[in-house]
Amino acid sequence: MKIYRCEVCGFEYDESQGWPDEGIAPGTKWEDIPEDWCCPDCGAAKADFVMVEVSPA
Amino acid sequence: MTAASGVDAASTIAVVGTGVAGTTAALTLRNAGFTGRVVLIGDEPDEPYRRPPLSKDVLRGTMSPGRTRLRAPDTWSQHSIELRTDTRVSGVDAEARRIIFADGTGLDFDRILLATGGLPKVLPQARGVGGVYTLRTLADVSALHGVLAAGSRLLVIGAGLIGSEVAATARDMDCAVTVLEAQPAPLSRVLPREITRVYEELHRASGVDLHTGVDVRELIHEGDQLAATDAGGRVHSADAAVVAVGLDPRTELAEHAGIATGDGIIVDEHFATSAPGVYAAGDVANHPNHVLGGRQRVEHWLNAQEQGAAAARAMLGDRTPYSCVPWSWSDQHGVTMHVCGWPEAAEDLTVRGEPGARDFTAIARRHGRVVGAVGMNRPAELRALRKVVSAAPHAEQAVLADPATELASLASLEVAGTSS
């Protein structure tokens, strides 16, 4: 399970959590999210996300 | 690095401010190939962090403060950026190009970026009153979170972006929330009147006790209770209050250095101030507006980021004028809004979709030109419109309203040229 971070605002998509607010089930892989999906916060395009290593804080 | 930049591997660039403008500038200096010394100075004790989640997830307690860190802790040393947190600058000598720190030590620089941001405006009636909070820093949000519990009563003074978000978050936490706004509507500084109505309805439907057109005459704290008396004589009582009535740009370093100020630090389209070698960016920078003409100061996250990057490149000799269009977003009561350009400057508004259903894009025109937009649930349209606003083309309302119109195509239709 990977985490992808929006380069614009810092929002994080965690594959293990999914994004149930928009019907994306926990465990949904990044590549299985539609290309027209946007950052739920700042509205940036999916292409503006980068994969990151995130240590729990 | 060009010879024209006037800086080289022996130069020192100082950045004052560890918000997103300052930190982005420091990292951009490195990414652009600057090999001299970079010193990043901030008076907050925390490592650089993101402010947007403070009024939302962090206040609610659903995001730990550690998750707001802007970069991994080793980022700064990896980029040979000397990060000095908890460090107060007491003065800048622009002529001698020297910073004086509060502890009496100094730092010589070749270029300096003032990215000092701002502080919450003080409401004179609230000065020195107990139980009154503001929200700008991690320390602020931690203090406020500590007094909010389910059932507690929060009074929010000011329904701008921060006040409205704090009110929404406090409702999420099952607090009883009263909002007092001096203007006739919430968010009236950033949105056209038609759209502020959407927020009036949203706040009220979510259980916020919203009062608009109301000035606070007196605020009294007695026995753990706050009582705010409005100009109409009505008393609003609460356990705590948040004052969110805007931001004062931190211009004092520039002022004492004899640098031109006036609602912020005055800069040109390259973020240069009136003093050679001194630049300013972010919330504090008062810069030319390339679409509407005149000058402006923008207090949004993305603009601080873009300005920090552009100012860093300008300090290294890049002569590309800054022309980014403001972009912001707000989350309230589970609804996200995106804003681009200057919708508050609208002379007319074209609405696509249904504001009442919180699914719409509203396009603002001024002198027949597209100058801004606000939307809910339509981020792709808003992203297209940000490019359109940059070109500010003339467009008929019928064309803007037509669902068949590809908004992105408007950017290339006609470039308006210089602003009128």
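Residues numbered from 1 in each chain as written. Chains lettered and ligands numbered in written order. Predicted model: local features only at pLDDT ≥ 70, side-chain atom pairs only at ≥ 80, totals over all residues. Heavy atoms only, no water.

Draft legend 1. Region of interest: the overall build of chain A. Counting its regular elements, chain A contains 0 helices and 3 strands. For 57 residues, the compact-globule formula gives about 10 Å, and the C-alpha radius of gyration of chain A, at 10 Å, lands near that figure. Considering only intrachain contacts with a sequence separation of at least 6, the fraction spanning at least 24 residues in chain A is 44%. For chain A, the separation between the mean place of its 4 positive charges and that of its 13 negative charges on side chains is 7 Å. (Helix = DSSP H or I, 4+ residues; strand = E, 2+ residues; numbered from the N terminus. Rg over C-alpha atoms; globule rule 2.2 N^0.38 Å. Contact = heavy atoms within 4.5 Å. Lys, Arg positive; Asp, Glu negative; His and termini not counted. Charge placed at Lys NZ, Arg CZ, Asp CG, Glu CD.)

Draft legend 2. How the structure looks around the interface of chain A and chain B. Listed per partner, the contact involves 16 residues of chain A and 16 residues of chain B. Of the roughly 1200 Å² buried between chain A and chain B on both sides combined, carbon and sulfur atoms contribute 45%. Where chain A packs against chain B, one counts 1 salt bridge. Our count for the contact surface shared by chain A and chain B stands at 9 residue pairs in polar contact (both at pLDDT 80 or more). The class makeup of the residues in the side of chain A that touches chain B is 10 nonpolar, 2 polar and 4 charged. (Buried area = accessible area lost by both parts, 1.4 Å probe. Salt bridge = Lys/Arg side-chain N within 4 Å of Asp/Glu carboxyl O. Polar contact = N/O pair within 3.5 Å; in protein donor to acceptor, adjacent residues only side chain to side chain. Nonpolar A, V, L, I, M, F, W, Y, C, P; charged D, E, K, R; others polar.)

Draft legend 3. Seen up close, the confidence of the model for chain B. Confidence in the prediction for chain B averages 95 pLDDT; 97% of positions are at 70 or higher. Counted against residues more than four places away or in other chains, residues 416-420 of chain B, with its pLDDT under 50, gives 11 contacts. (pLDDT = per-residue confidence, 0-100.)

Draft legend 4. Fine view of the UniProt feature "binding site: Fe cation" (unreviewed entry) in chain A. Residues given the UniProt feature "binding site: Fe cation" (unreviewed entry) here are Cys6, Cys9, Cys39 and Cys42 of chain A. Across 37 residues of sequence, these annotated residues stay compact in space, with a maximum C-alpha separation of 8.7 Å. Structurally, Cys9 of chain A is set in the loop between strand 1 (3-6) and strand 2 (12-14). Those residues in contact with Cys9 of chain A, other than ones at most four positions away along the chain, are Cys39, Asp41 and Cys42 of chain A together with Arg50, Trp301 and Trp329 of chain B. With respect to the helices and strands, Cys42 of chain A occurs in the loop between strand 2 and strand 3 (49-52). Among the residues examined, Cys42 of chain A registers a relative accessible area of 1% and is labelled buried. Once you skip the residues sitting within four places of it in the chain, Cys42 of chain A turns out to touch Cys6, Val8 and Cys9 of chain A together with Trp327, Trp329 and His338 of chain B. (UniProt positions renumbered as here; feature names shortened; annotations may be inferred. Buried < 20%, exposed > 50% of the residue type's maximum accessible area, 1.4 Å probe, protein only.)

Draft legend 5. Representation of the domain arrangement of chain B within the structure. All names here are of chain B. Each domain of chain B was delimited in the assignment, giving domain 1 (3-119 + 247-315), domain 2 (122-243) and domain 3 (334-419). Centre-to-centre, using C-alpha coordinates, domain 2 lies 31 Å away from domain 3. At the interface, 11 residues of domain 2 touch 12 residues of domain 3. Roughly 970 Å² is buried in total at the junction of domain 2 and domain 3, and carbon and sulfur atoms are behind 78% of that figure. Along the contact surface separating domain 2 from domain 3 lie 0 salt bridges. Per element, the largest residue contribution to the side of domain 2 that touches domain 3 is 5 residues, and it comes from helix 6 (residues 193-205). Grouping the constituent residues of the side of domain 2 that touches domain 3 by class yields 9 nonpolar, no polar and 2 charged. (Domains from an automatic or database assignment.)

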